[in-house]
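Listed here are the chains, written in short residue letters.
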Amino acid sequence: MSEDEFSLKAGVRGPTLMEDFHFREKMTHFDHERIPERVVHARGFAAHGEFQLYESMSQYTRAKFLQDTSVITPVFVRFSTVNGSRGSADTVRDARGFATKFYTEEGNYDLVGNNIPVFFIQDAIKFPDLVHAFKPEPDNDIPQASTAHDTFWDFVANNQESAHMIMWVMSDRAIPRSFRMMEGFGVHTFRFVNEQGKACFVKFHWKPLLGTHSLVWEEAHELAGIDPDFHRNDLWHAIENGHYPEYELGVQILAEEDEFKLPHDILDATKIWPEEIIPVQTIGKMTLNRNVDNFFAETEQAAFHLGNVVPGIDFTNDPLLQGRLFSYLDTQLIRLGGPNFHEIPINRPIVPFHNNQRDGYHRQTINVGKVNYHRNSLAGNTPAPASPAEGGYQHYQEKVEGRKIQARSKSFADHFSQATLFWNSMSPAEKEHIINAFSFELGKVKSLSVKKQVIEMFANVSLEMTKIIAKKIGMPPPTSGGSNVKEASPALSQQNTIFTPVTRKVAVIVTNDFNGPEVKYVIDRLAACGLMPEIISENQGEVLGTNGVKLNARHTFLTARSVQFDAVYLVNASKTNKAFNKNAANFVNQAFSHYKPIAATHQGIQFFALNNLNGQPGVVTGYDVRNFPDEFINAIALHRYWDRKLV
Ligand code: HDE
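All residue numbers refer to position in the chain's written sequence, counted from 1. In keeping with the model being predicted, local features are shown solely for residues with a pLDDT of at least 70 and side-chain atom pairs are shown and tallied solely at 80 or more, while totals for entire chains, interfaces and linings include all residues. Each side-chain value is derived from all of the structure's non-hydrogen atoms; neither hydrogens nor water enter the calculation.

Draft legend 1. Focus on the pairing of strand S13 (residues 541–544). Across four bridges, the pairing between S13 and strand S14 (residues 550–553) is antiparallel. Within S14, the position partnered with Val543 by the bridge is Leu551. Criterion used throughout: strands pair if DSSP finds at least two bridges between them. Per the convention used, a helix needs a DSSP run of H or I reaching at least four residues, while a strand needs a run of E reaching at least two, with both numbered from the N terminus. Where S13 folds back on S14, the antiparallel hairpin that results is connected by five residues, among which Asn547 adopts a positive phi of roughly 55°.

See below:
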């Protein structure tokens, strides 16, 4: 086109002409740029990477990508929130999706999991009810991306199988620090099937090498305003900076003959297999090492489906899993506009495949020849099914018998034992956060009847917990309840995860006339140890220190808040700019109130003294600048200081 700024008109001041096909094509394409957002998990972010096995799993499964430790399998992972719309904030309280597509040499395998190992309901037929209840209420479409409203808690109280999941959603797991610091779980019990056709049960886990870590609730709230893309930014920049997120793939294996040996039904997706009883064996590592080139083409058009399996991985009769097998295929038909979404580049397997599927909206393959049916003689009966020995998928021949019935097995009836196990496993700080989360959510519920029902329900998990919540929300304490479960599962507490300072973001507050060589030494050491220092100063750009040292300030207090950082290092104050000094004080105090490590050198130390910060847990003062960086890094490795006295 020779012209792209002026439409075709009858005279420079005249009407636009229908004949202007360029205008019409441009505008029509634009008008159709949106596709429906996912009905759940609409807000997401993804990256490419690779998976490599540590040890062969041939004893358990014939899946090719789980045989050979030298094979590198490309992957695409999409993380998401569940509840909010595409434009909602990253840091809301919610479960997170953790969906992985393995592009294996036998076709795609999708492991579509969450960062919480259990689910709200036991049978997929209740999913539409659950989602209707947690989404914004239908009369006024309020609230966005939040379960703190009447219909959700009404659903909870009247569907008590949700108890265990609710404990997780009220816990710190639902406000992750980063996608890089979340566990992932396949949730359901799946099957591995080996070359000899022998099967065992398996649960899948992803374990992040940076550990499992969370925000505090106030941070999550503030971040939703200052940086609604907090998790996106975090993942994108980590990958851009070469800090590739890594997760180990873990499996819990249960022999087929042990199906009934656990205290609960393994087909019930509201239950875990405690790691202390069935250990998680780590079998390989996934590294996310490449950002997408185009958000829409890749992340938005990615279509995950539980039915994307490879030989050696099979299903169980978990009624939630069975329903999902229908839903994921079905949902793509409307979202991606027809049956050929598997031809979109991000969804295509990396190996060739042959079948007699033809035509439909957006077909891209140009199939040649006349024969599009099976069995045939005109094309030598091709494409033909492959035998299992040739790599064909064969369903596991599980023996099934029973009456057709709409009912649930009695073995699914205990909704509270594992909810209590979870509660018992929490540290004091984690328990306090759960109580506050319940009190926040129920504090927003208007119906007194719903509040009362929820209090009565969770009294079955812990009387101690529910009494405090009842008081906070102005309701009478529960009159009965309590639990006999005394066990704990230490693996459930985030206090027992990996702690590392690596990739933690440090705000360095500094203004002109700082001690050039010393401060530069500290900052270089932080960066050399894998931390991410960023300078905040009076103005963006150059900050001048002694000995000609210059730093580059990326932020001022207008563009940065303490909630965006994991630790704060205060260097000096301004001689003239009182507003800067006041903002610096607020910044440090806020980080302190969020239990984060804070540190000072030079004049920063005087500020700490004035504010009675010295000597508190996680407060590092560097009188000796040589030792200071390592002391500070050790403090950062512990992340939060819950035993801090906040005034
Ligand atoms: Fe999903 N879920 N789900 N879900 N789910 C979808 O599929 C569904 C469940 C999960 O990044 C939808 O493509 C039913 C459990 C993730 O694109 C839909 C049931 C777990 C994603 C759907 C469940 C998940 C989805 C919407 C009850 C954790 C995002 C768009 C039986 C193990 C995938 C889409 C992505 C997305 C249905 C329960 C995880 C409607 C019926 C349990 C990570 O098909």
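Draft legend 2. Seen up close, the site of the ligand. Throughout, near means a residue has at least one heavy atom within 4 Å of the molecule or strand. Taken together, 23 residues are adjacent to the ligand, and Arg38, Arg78, Arg324, Tyr328 and Gln332 come closest. Between the ligand and the protein, one listed contact pairs an oxygen atom with a side-chain N or O atom of Arg38 at 2.7 Å. Element by element, the count of residues in the shell around the ligand is highest for helix H8 (residues 319–335), at six residues. Partitioned by chemical class, the residues of the shell around the ligand number 12 nonpolar, eight polar and three charged. Think of a polar contact as two N or O atoms within 3.5 Å of one another; within protein, one of them needs to be a possible hydrogen donor and the other a possible acceptor, and neighboring residues in sequence only count if both atoms come from side chains. When residue character is reported, Ala, Val, Leu, Ile, Met, Phe, Trp, Tyr, Cys and Pro are called nonpolar, Asp, Glu, Lys and Arg charged, and the others, Gly included, polar.

Draft legend 3. Highlighting the packing of helix H10 (residues 428–443) against helix H12 (residues 463–472). Between H10 and H12, the shortest axis-to-axis distance is 9 Å and the interhelical angle comes to 40°. Judged by the inter-axis angle, H10 sits oblique to H12. Where H10 crosses over H12, the handedness of that crossing is right-handed. Residue-level inspection shows Ile434, Ile435, Asn436, Phe438, Ser439 and Leu442 of H10 in contact with H12, the latter providing Met465, Ile468, Ile469 and Lys472. Across the contact of H10 with H12, the residue classes break down as seven nonpolar, two polar and one charged. Convention adopted: a line fitted to C-alpha atoms gives each axis, helices being fitted over their contacting stretch, and angles between N-to-C directions are expressed from 0 to 180 degrees. Note on angle classes: values under 35 degrees are labelled roughly parallel, values over 145 roughly antiparallel, values of 65 to 115 roughly perpendicular, and the remainder oblique. In this scheme, a crossing is called left-handed if the near helix is turned counterclockwise away from the far one by less than a right angle; it is called right-handed if the turn is clockwise. Note on contacts: a residue pair is in contact if any heavy atoms of the two residues lie within 4.5 Å.

Draft legend 4. Just the domain arrangement of the protein, in detail. Residue ranges assigned to each domain were obtained from an automatic or database domain assignment. Looking at the assigned domains, one finds that the protein contains domain 1 (1–32), domain 2 (44–120 + 174–347) and domain 3 (499–637). A straight line from the C-alpha centre of domain 1 to that of domain 2 covers 46 Å.

Draft legend 5. Region of the structure containing the packing of helix H13 (residues 516–528) against helix H16 (residues 628–637). Interhelical geometry of H13 versus H16 gives an angle of 40° and a closest axis separation of 9 Å. Between H13 and H16, the angle falls in the class oblique. In this structure, H13 crosses over H16, and the sense of that crossing is right-handed. Here H13 contributes Tyr521, Val522, Arg525 and Leu526 to the contact with H16, which in turn contributes Phe628, Pro629, Asp630, Phe632 and Ile633. Here the residues of the contact of H13 with H16 are counted per class, giving seven nonpolar, no polar and two charged.

Draft legend 6. Spatial organisation of the pattern of salt bridges. Salt bridges are counted wherever a side-chain nitrogen of Lys or Arg sits within 4 Å of a carboxyl oxygen of Asp or Glu. Scanning the model with the defined rule gives 31 salt bridges in all. Between Glu219 and Arg640 there is a salt bridge; the shortest N-O distance is 2.9 Å. Taken together, the positions of Glu219 in helix H5 (residues 217–226) and Arg640 in the segment after H16 put the pair 421 residues apart, joining distant regions of the chain. Residue Lys399 pairs with Glu401 through a salt bridge whose shortest N-O separation is 3.8 Å. Comparing Lys399 with Glu401, the two get one shared label, exposed. Remark: exposure states derive from per-residue accessible area (1.4 Å probe, protein chains only) relative to the maximum for the residue type, with buried under 20%, exposed over 50%, and partly exposed in between.

Draft legend 7. Representation of unusual backbone geometry. For the bond from Ile142 to Pro143, the omega torsion is 0°, close enough to zero to count as cis. Position of Pro143 relative to the elements: it lies in the loop between helix H2 (127–134) and helix H3 (150–158). For His41, which is not glycine, the phi dihedral falls at a positive 60°. Note that His41 resides in the loop between helix H1 (21–31) and strand S1 (44–53). Judged by relative accessible area, which is 18%, His41 ranks as buried. For Asp513, which is not glycine, the phi torsion reads 75° and is therefore positive. Its place among the elements puts Asp513 in the loop between strand S11 (505–509) and H13.

Draft legend 8. Structural detail: the layout of surface pockets. The calculated volume of the largest pocket comes to roughly 1,300 Å³. Lining the largest pocket are 33 residues; nearest its centre among them are Glu106, Gly107, Phe353, His354 and Asn355. Listing elements by their share of the lining of the largest pocket, those giving two or more residues are strand S4 (107–114) and H8. Among the residues making up the lining of the largest pocket, the classes are represented as 17 nonpolar, 12 polar and four charged. Grid spacing is 1 Å over the protein atoms alone, the probe is 1.4 Å, and a cavity is where that probe fits but cannot get out, while a pocket is an open set with protein on both sides within 12 Å along at least five of seven lines and lining residues have an atom within 4 Å of a point. Grid points are joined across faces, edges and corners, and a volume is the space filled by probe spheres set on the points.

Draft legend 9. View of the sheet that holds S11. If you walk across this open sheet you meet the five strands as S12-S11-S15-S16-S17, and the pairing is parallel. The strands lining the two open edges of the sheet, one partner per strand, are strand S12 (532–536) and strand S17 (619–622). Taking the axes of each pair of neighbouring strands and ignoring which way they run, one obtains an average angle of 20° across the sheet. Strand contacts of H13: S11, S12 and strand S15 (567–570), with the helix running at about 140° to S12, the strand carrying the most contacts. Those strands touched by H16 are S11, S15, strand S16 (598–601) and S17, and its axis lies near 175° from that of S17.

Draft legend 10. Looking closely at helix H9 (residues 417–425). Within H9, seven of the nine residues are buried, leaving the element largely enclosed by the surrounding structure. Residues Gln418, Ala419, Thr420, Leu421, Phe422, Trp423 and Ser425 constitute the buried set of H9. Of the surrounding secondary structure, the elements contacted by the buried residues of H9 are helix H4 (163–169), H10 and H12.

Draft legend 11. Looking closely at helix H11 (residues 448–458). Among the residues of H11, those classed as buried are Val450, Lys451, Val454, Ile455, Met457 and Phe458. Viewed along the axis of H11, the buried residues span an arc of 160°, placing them on a single side of the element. Elements in contact with the buried residues of H11: H3, H4, H10 and H12. Of the residues that open H11, the one with a side-chain oxygen 3.3 Å from the backbone nitrogen of Ser449 is Ser447. To be clear, the arc concerns the directions from the helix axis to the C-beta atoms.

Draft legend 12. Molecular detail of the environment of Glu222. Its location among the elements puts Glu222 in helix H5. Distance from Glu222 to Arg561, taken between C-alpha atoms, is 8.9 Å for residues 339 residues apart in sequence. With sequence-adjacent residues up to four places away left out, Glu222 is seen in contact with Arg561, Val563 and Gln590. One polar contact links Glu222 to Gln590, side chain to side chain, over a distance of 2.7 Å.

Draft legend 13. Highlighting the pairing of S15. The two faces of S15 match: Ala567 and Tyr569 on one face and Val568 and Leu570 on the other face are all buried. Summarising the sheet, S11 and S15 pair through four bridges and their orientation is parallel. In the sheet register, Ile509 faces S15, and the bridge partner there is Leu570. Direction of pairing for S15 relative to S16: parallel, over a ladder of three bridges. Within S16, the position partnered with Tyr569 by the bridge is Ala599. Place the viewer so that the strands point away; then a crossover is right-handed whenever the path from the first strand over the helix to the second strand goes clockwise. Between the parallel elements S15 and S16, the chain passes through helix H14 (residues 578–593) in a crossover that is right-handed.

Draft legend 14. Here's a closer look at the nonpolar core. By size, the foremost hydrophobic cluster in this structure holds 54 residues, and its most contacted members are Trp153, Met167, Phe438, Phe458 and Met465. Put simply, the parts of the chain that give this core at least two residues each are H2, H3, H4, H9, H10, H11 and H12. Looking at this core, the element that brings in the most residues is H4, giving six residues. Those residues within four positions of Phe438 in sequence are excluded, and the remaining contacts are Trp153, Ile166, Met167, Met170, Gly443, Phe458, Met465 and Ile469. Definition used in this section: a nonpolar core is a set of buried Ala, Val, Leu, Ile, Met, Phe, Trp, Tyr and Cys residues joined via side-chain atoms within 4.5 Å. If you look at the next biggest cluster of nonpolar residues, it comprises 52 residues, including Phe51, Leu235, Phe341 and Ile346.

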